[in-house]
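Structural overview
For reference, the chains in residue letters:
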Amino acid sequence: MPLNTLIFDVDGTLADTERDAHRVAFNRAFAEMSLDFAWDVETYGRYLKVTGGKERLGRFLDDHPQYPQLSDADIARIHRRKTALYVEIVQSRAVALRPGVARLLRAARAAGWRLGIATTTTPDNVQALLASTLGEMGESFFHYIGAGDIVPQKKPAPDIYEHVLDALGANPEDCLALEDSENGLRSALAAGLTTVVTQTDYTRGQDFTGAVRVLDCLGEPDAPARIIEGMQRDTSVCVGLQELQAWWEEAHKGKGTLRNG
Ligand code: XBP
Ligand code: MG
């Protein structure tokens, strides 16, 4: 069976949301609640290694005993406010999809491929992002959206990808994941998925061992992407279904698992 299912990460992959949307929403929530700290771009980048907003805040407080230590209930309350503020930012259309994402989604849909989302972020955030970038029917592009606390362990654990594969009734061998980060890549690989990475400013330089390709983005016909790791390194490409199919076949041949017909 040929490749017929794509599973997308959200933050960093569909859109570059972290620095100017999630980080800003966290800082606004901290200020509203009179908390005596804020996350600059560099600090937030370091704490992105902890996936999940509540978990990220918890780790930051663990590392900074000089700030008031908050209960899980307080963290959850701050995080709910952060989510509302993030949704406001996204609804103001401050966040765009990354180059090539809308083109690839439309091509996959037109070809009858199945589309899924496997993300660590909160479901409200995904809904708002898809509506503001793809229109009110944005969510309908996807056959299943797996997000946030629906699984016990966030990325790099494979839980969210396994959950989405299960919900789609899909075999990992027939799917390809698109990710932007080492944590996301580890999660997808552990679920058995061939994975393409489109790195961001925050994830550049992370360890992407195991990805079938690492690119700077998906590219557009008039502004192609660059392959950074993997075969054809340093070449330009506008990533479409044909490229994904070829890379997926290459990965399966490498594993000796490509099935014919
Ligand atoms: C994204 C995350 C999320 C977002 C914030 O990781 O780790 O925590 O940063 O969203 P990935 P929440 O792209 O690998 O899914 O605050 O809603 O958790
Ligand atoms: Mg990501």
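Residues numbered from 1 in each chain as written. Chains lettered and ligands numbered in written order. Predicted model: local features only at pLDDT ≥ 70, side-chain atom pairs only at ≥ 80, totals over all residues. Heavy atoms only, no water.

1. Observations regarding helix α7 (residues 159-168)
Within the sequence span of α7, burial applies to Asp-159, Ile-160, Tyr-161, Val-164, Leu-165 and Leu-168. Residues of α7 that are buried make contact with β1 (5-8), β2 (114-119), β3 (144-147), β4 (175-179) and α8 (182-190). Phi for Gly-169, located one or two positions after α7, is positive at around 65 degrees. (Buried < 20%, exposed > 50% of the residue type's maximum accessible area, 1.4 Å probe, protein only. Helix = DSSP H or I, 4+ residues; strand = E, 2+ residues; numbered from the N terminus. Contact = heavy atoms within 4.5 Å.)

2. Some details on the confidence of the model for the protein
When pLDDT is averaged along the protein, the result is 96; 97% of the residues meet or exceed 70. The low-confidence segment residues 257-261, where pLDDT is below 50, has 11 contacts with residues more than four positions distant or belonging to other chains. (pLDDT = per-residue confidence, 0-100.)

3. Points about the coordination of the magnesium ion (ligand 2)
Here the magnesium ion (ligand 2) is held by Asp-9 (OD), Asp-11 (O) and Asp-180 (OD), and the distances to it run 2.1 to 2.2 Å. For Asp-9, a relative accessible area of 5% corresponds to the buried category. (Donors = N, O, S within 2.8 Å, 3.2 Å for Na, K, Ca; no water.)

4. Details of the site of ligand 1
Lining the immediate environment of ligand 1, one finds 18 residues, of which Glu-18, Gly-53, His-79, Thr-121 and Thr-122 sit closest. The separation between an oxygen atom of ligand 1 and a polar side-chain atom of Lys-82 is 2.7 Å. At 3.5 Å from an oxygen atom of ligand 1 is found a side-chain nitrogen or oxygen belonging to Thr-119. The protein chains hide 97% of the 450 Å² of surface that ligand 1 would expose on its own. Spatially, ligand 1 is embedded in the largest pocket. Where the shell around ligand 1 is concerned, the elements lending two or more residues are α1 (18-32), α3 (53-63) and α4 (72-91). Per element, the largest residue contribution to the shell around ligand 1 is 3 residues, and it comes from α1. Among the residues making up the shell around ligand 1, the classes are represented as 2 nonpolar, 10 polar and 6 charged. (Near = heavy atom within 4 Å. Polar contact = N/O pair within 3.5 Å; in protein donor to acceptor, adjacent residues only side chain to side chain. Areas by Shrake-Rupley, 256 points an atom, 1.4 Å probe, with all protein chains shown as cover. 1 Å grid on protein atoms, 1.4 Å probe; cavity = no way out; pocket = protein on both sides within 12 Å on 5 of 7 lines; lining within 4 Å. Sits in = over half its atoms within 2 Å of the grid points. Nonpolar A, V, L, I, M, F, W, Y, C, P; charged D, E, K, R; others polar.)

5. So, the side chain of Thr-200
As for its placement among the helices and strands, Thr-200 is situated in the loop between β5 (194-198) and β6 (213-215). Among residues more than four places away in sequence, those in contact with Thr-200 are Gly-12, Asp-16, Arg-98 and Asp-180.

6. Quick word on the pattern of salt bridges
Scanning the entire structure with this criterion turns up 14 salt bridges. Linking Lys-154 and Glu-55 is a salt bridge whose minimum nitrogen-to-oxygen distance equals 3.0 Å. Within this pair, whereas Lys-154 is found in the loop between β3 and α7, its partner Glu-55 is found in helix α3, the two being separated by 99 residues in sequence. Accessibility expressed as a relative area gives 14% for Lys-154, which makes it buried. Given a relative accessible area of 34%, Glu-55 falls into the partly exposed group. Taking the shortest distance from any N to any O, the salt bridge between Arg-204 and Asp-201 comes out at 3.0 Å. On the basis of relative accessible area, Asp-201 is assigned to the exposed category, the value being 57%. (Salt bridge = Lys/Arg side-chain N within 4 Å of Asp/Glu carboxyl O.)

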